[in-house]
Amino acid sequence: MATNSQEEPKPDGAAFDDFFESLGKKAEHLTIDERNGTKEPASNGTASIEAAPKEGEEDENEPKIVDEIESLCMNCHENGITRLLLTRIPFFREIIIMSFFCPHCNFKNSEIQSAGEIQQKGSRYELRLTDSADFARQVVKSDTCVVKFIELDIEVPAGRGQLTNVEGLLSMILEDLELQQPERKEQIPEVWAKIEEVIAKGRKMIAGESFPFRVDLDDPAGNSWIEPDQKDGVGKWSKVEYARTPEQNEALGLGAGDEEETTTGAPGQPTAATFEDDDIVPNEVYSFPATCPGCTKSCITHMKMVEIPHFKQVVIMSTVCDHCGYRSNEVKTGGEVPEKGKKITLKVEGPTDLARDILKSESCALECPELHLSVNPGTLGGRFTTVEGLLTQVRDDLHQQIFDVGDDSGAGGDSLPSEAKQTWKSFFDGLNEAIKGERKFTVVLKDPLASSYVQNLCLPENDPQIETEEYERTAEEEEDLGLSDMKTEGYVDEVGIEKKRLEDEKKTEESNG
């Protein structure tokens, strides 16, 4: 028997956006409905005015910005009220702000939760504070995020979600440390003294006497965030995405994937087992099993080594998951670590230069001074594209973070100051002009591993629009790349020695047999 029942649409896409409007749009709806109490004109042409509700009565048609739910108070075990506000944060994503109050014992509590899904990769944000204005940067700390103030040598484990700023985050940490100090002073004075040193150092930071210092947010779920600023240069604000470990996936409730399920390479293609003892052949596609960072199930990663003329070999890697649709591609350079870093400066003067091939490695920083653009190492990963393609990707990623969902006009969110809106609009206008070839600019690639490349159109002669210079790596760059701890002398190939020993034993047995 046929039925006319239809499935309820899932809250995604445009329907999902209706639930999570920005605070400005929610307030707009409330203001419009409250104005004079006027409604649409009646059929006879006269305006109908709804009578105001009597005192003590609730108006059923009144829009509710905050949802209220009766819930149990964990302090006195009586019923209290939890208020929920579903909203969207500019630069970021959807969140739920929750506030609980118990009228019986006056207990209060507030926290935030991410309303979005667990991201396909974890994220790590780092902000280097250099002046008092940086304390006002908005911070979203999810309940899976670990916070570190590096110079303070203090780490806050994952716990309650918070929506605050850097100053509020540091102040709450210091207040928590101060709570049990009188008891510690009497019972364990040595611990009391150490904590007092940390508190005193933290107070100096808040007072602006200890600049610069860094704050780090590490969230395996990818739902935490530190507000960026258009004026941030290289080394000021950075975001790095990373693949979660099996332990982190298990802690997030994602499980460890299907252990029984095995994945082999595509038919007719070499696999990891087939080239274990052989060299990788250029332009040959290899496939090997991997784990999807999105759903933790088995997937296939394809790898191909390509020789870039007049540069070096690079490895192109592509991962596709048939279970959840996750896709990623990355470029990694091969070869030895050079003694010096390399800085490449390209003068872009027209469409021809926009079509140049460009390889930006994961360790490379990108700057365009005329466009007021700077991209920290690791932000975009490794990319092999054109100059136009690289700028387009930067523009799209930034625009998605700065403006609201579906906001192509550049109006920005309600909490975005008018001055900041104008600054960002001017920035994106300049970026669009550069992408269309209507503006001349300079691209500066600074790579401590000398693994980045810009196509030379005048080979074998030098290109007059490309300047290349080598430079000595700083101690900080050596540390970040892990080169300062790398063992380069007295290295023993234990695996190779063991293989050779087994081969010699086999030959001896065959000759004796």
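Residues numbered from 1 in each chain as written. Predicted model: local features only at pLDDT ≥ 70, side-chain atom pairs only at ≥ 80, totals over all residues. Heavy atoms only, no water.

To be explicit about the condition: UniProt positions are given in the numbering used here, feature names are shortened, and annotations may be inferred rather than shown by experiment.
Going by an unreviewed UniProt entry, the chain carries the name Zf-ZPR1-domain-containing protein and comes from Hyaloscypha variabilis. Taken directly from UniProt, the Function (unreviewed entry) text for the chain runs: "Acts as a protein folding chaperone for elongation factor 1-alpha."

## Examining the overall build of the chain
For the record, the criterion: Secondary structure elements are defined from DSSP: runs of H or I of at least 4 residues count as helices, runs of E of at least 2 residues count as strands, and each element is numbered from the N terminus. Buried means the residue's accessible area, taken with a 1.4 Å probe over protein chains only, is under 20% of the maximum for its type, while exposed means over 50%, and partly exposed covers the values in between. Should any heavy atoms of two residues lie within 4.5 Å, those residues are counted as being in contact. Here the Shrake-Rupley method, with its probe set to 1.4 Å, supplies the accessible areas, and only the displayed protein chains count as covering residues.
What the chain contains, in helices and strands, is eleven helices and 26 strands. Looking at the chain residue by residue over its 513 residues, the buried ones come to 34%. Long-range contacts, defined as pairs at least 24 residues apart, comprise 62% of the intrachain contacts of the chain with a sequence gap of at least 6. Carbon and sulfur atoms make up 48% of the accessible area of the chain, which amounts to about 31300 Å² in all.

## Comments concerning the pattern of salt bridges
The line we're drawing: Salt bridges are counted wherever a side-chain nitrogen of Lys or Arg sits within 4 Å of a carboxyl oxygen of Asp or Glu.
Under the defined criterion, the tally for this structure stands at 20 salt bridges. Here Glu241 and Lys239 are joined by a salt bridge, their closest N and O atoms 3.6 Å apart. On the basis of relative accessibility, which here comes to 48%, the residue Glu241 falls in the partly exposed class. Judged by its relative accessible area of 19%, Lys239 is buried. As a salt-bridge pair, Lys332 and Glu362 come within 3.6 Å of each other at their nearest N and O atoms. Of the two residues, Lys332 is situated in strand β18 (residues 327-333) and Glu362 in the loop between β20 (357-360) and β21 (365-368); the sequence distance between them amounts to 30 residues. For Glu362, a relative accessible area of 37% translates into the label partly exposed. A network of salt bridges, in which partner residues are shared, links Asp134, Arg137, Asp232 and Lys236.

## Re unusual backbone geometry
In this model, Phe211 is joined to Pro212 through a cis peptide bond whose omega is -5 degrees. Cis geometry marks the peptide bond from Leu459 to Pro460; its omega dihedral reads 5 degrees. You can see Pro460 is positioned in the loop between β25 (453-454) and β26 (466-471). Despite not being glycine, Asn106 shows a phi value in the positive range, around 65 degrees. With respect to the helices and strands, Asn106 occurs in the loop between β5 (94-101) and β6 (108-114). Residue His372 is not a glycine yet carries a positive backbone phi of 55 degrees.

## Quick notes on helix α9 (residues 418-435)
Formally: One less than the number of residues in a helix, times 1.5 Å, gives the span that helix is expected to have.
With 18 residues, α9 extends 26 Å from end C-alpha to end C-alpha; this agrees with the ideal 26 Å at 1.5 Å per step. Trailing α9 by a residue or two, Gly437 shows a phi angle of about 80 degrees, which is positive.

## What to know about helix α5 (residues 189-206)
Rules: Throughout, the arc means the angular range of directions from the helix axis out to the C-beta atoms.
With 18 residues, α5 should reach 26 Å at 1.5 Å per residue; the first-to-last C-alpha distance of 26 Å fits that figure. What α5 keeps buried is the set Ile195, Ile199, Gly202 and Met205. End-on, the buried residues of α5 take up no more than an arc of 110 degrees, which puts them together on one face. Along α5, the residues that are exposed and aim more than 90 degrees away from the buried face are Glu190 and Glu197. Buried positions along α5 lie against α3 (166-178), α4 (181-187) and β12 (213-219).

## Focus: the confidence of the model for the chain
Here is the rule we go by: On a range of 0 to 100, pLDDT expresses the predictor's confidence in each residue.
In the predicted model, the chain carries a mean pLDDT of 80, and the fraction of residues at 70 or more is 77%. The low-confidence segment residues 1-16, where pLDDT is below 50, has five contacts with residues more than four positions distant or belonging to other chains. Segment residues 257-265 is flagged for pLDDT under 50; beyond a separation of four residues in sequence, or across chains, it makes 13 contacts in the model.

## Some remarks on a negative patch on the surface
To keep it simple, the criterion reads: Residues form patches when they are more than 30% accessible in relative terms and have no salt bridge. Like charges link within 9 Å. Nonpolar side chains (Val, Leu, Ile, Met, Phe, Trp, Tyr) link within 5 Å. Under the convention used here, Asp and Glu are negative, Lys and Arg are positive, and both His and the chain ends fall outside the count. The atoms used to mark charge sites are NZ of Lys, CZ of Arg, CG of Asp and CD of Glu.
Together, Glu476, Glu479, Asp480 and Asp485 line one region of the surface with negative charge. You can see Glu479 is positioned in helix α10 (residues 475-480).

## Quick word on the pairing of strand β19 (residues 341-348)
The following threshold applies: For two strands to count as paired, DSSP must find a minimum of two bridges between them.
In the sheet, β19 pairs with β26 via six bridges, with the strands oriented antiparallel. Within β26, the residue paired with Gly341 across the bridge is Tyr471. Strand direction decides the pairing type here: β19 and strand β24 (residues 441-447), joined by seven bridges, are antiparallel. Counted as the bridge partner of Lys347 is Thr442 from β24.

## Regarding the sheet that holds strand β13 (residues 225-226)
For the record, the criterion: Angles shown run from 0 to 180 degrees and are taken between the N-to-C directions of axes, each axis being a line fitted to C-alpha atoms and, for helices, limited to the stretch in contact.
With antiparallel pairing, three strands are arranged side by side in an open sheet as β11-β8-β13. Of all the strands in the sheet, the pair left with one neighbour each is β11 (162-165) and β13. Here two bridges tie strand β8 (residues 138-141) to β13, and the two strands are oriented antiparallel to one another. When the bridges of β13 are listed, Val140 appears paired with Trp225. Seen against the sheet, α3 touches β8 and β11 and runs at an angle of roughly 110 degrees to β11.

## Looking at the packing of aromatic side chains
The line we're drawing: For Phe, Tyr and Trp, rings pair up if their centres lie within 6.5 Å, where Trp contributes its six-membered ring, and each pair is then called stacked (planes under 30 degrees apart), edge-to-face (over 60) or tilted (otherwise).
Summed over the entire model, instances satisfying the criterion amount to eight aromatic pairs. Centroid distance Phe135 to Phe211: 5.8 Å. Interplanar angle 45 degrees. Geometry classified as tilted. Here Phe135, found in the loop between β7 (122-129) and β8, pairs with Phe211, found in the loop between α5 and β12; they are 76 residues apart in sequence, far enough to count as distant. For Phe135, a relative accessible area of 4% corresponds to the buried category. For Phe211, a relative accessible area of 25% gives the class partly exposed. On the basis of an interplanar angle of 70 degrees and a centroid distance of 5.3 Å, the ring pair of Phe427 and Phe428 is categorised as edge-to-face.

## Structural notes on the nonpolar core
The condition is simple: For the purposes of this section, nonpolar cores are sets of buried Ala, Val, Leu, Ile, Met, Phe, Trp, Tyr and Cys residues that join through side-chain atoms within 4.5 Å. Domain start and stop positions are those given by an automatic or database domain assignment.
Ranked by internal contacts, the top residues of the largest apolar core, which has 29 residues, are Phe149, Val215 and Leu217. Going through the elements one at a time, β7, β8, β9 (146-149), α3, α5, β12 and β13 are the ones with two or more residues in this core. Per element, the largest residue contribution to this core is six residues, and it comes from α3. Per-domain counts for this core show at least three residues from each of domain 1 (63-116) and domain 2 (122-250). Contacts of Leu217, omitting those with residues within four sequence positions, involve Ser123, Arg124, Tyr125, Val139, Val140, Cys145, Val146, Val147, Ser224, Trp225 and Ile226. Within the second largest apolar cluster, 27 residues are counted, among which are Val375, Leu390, Phe428 and Ile466.

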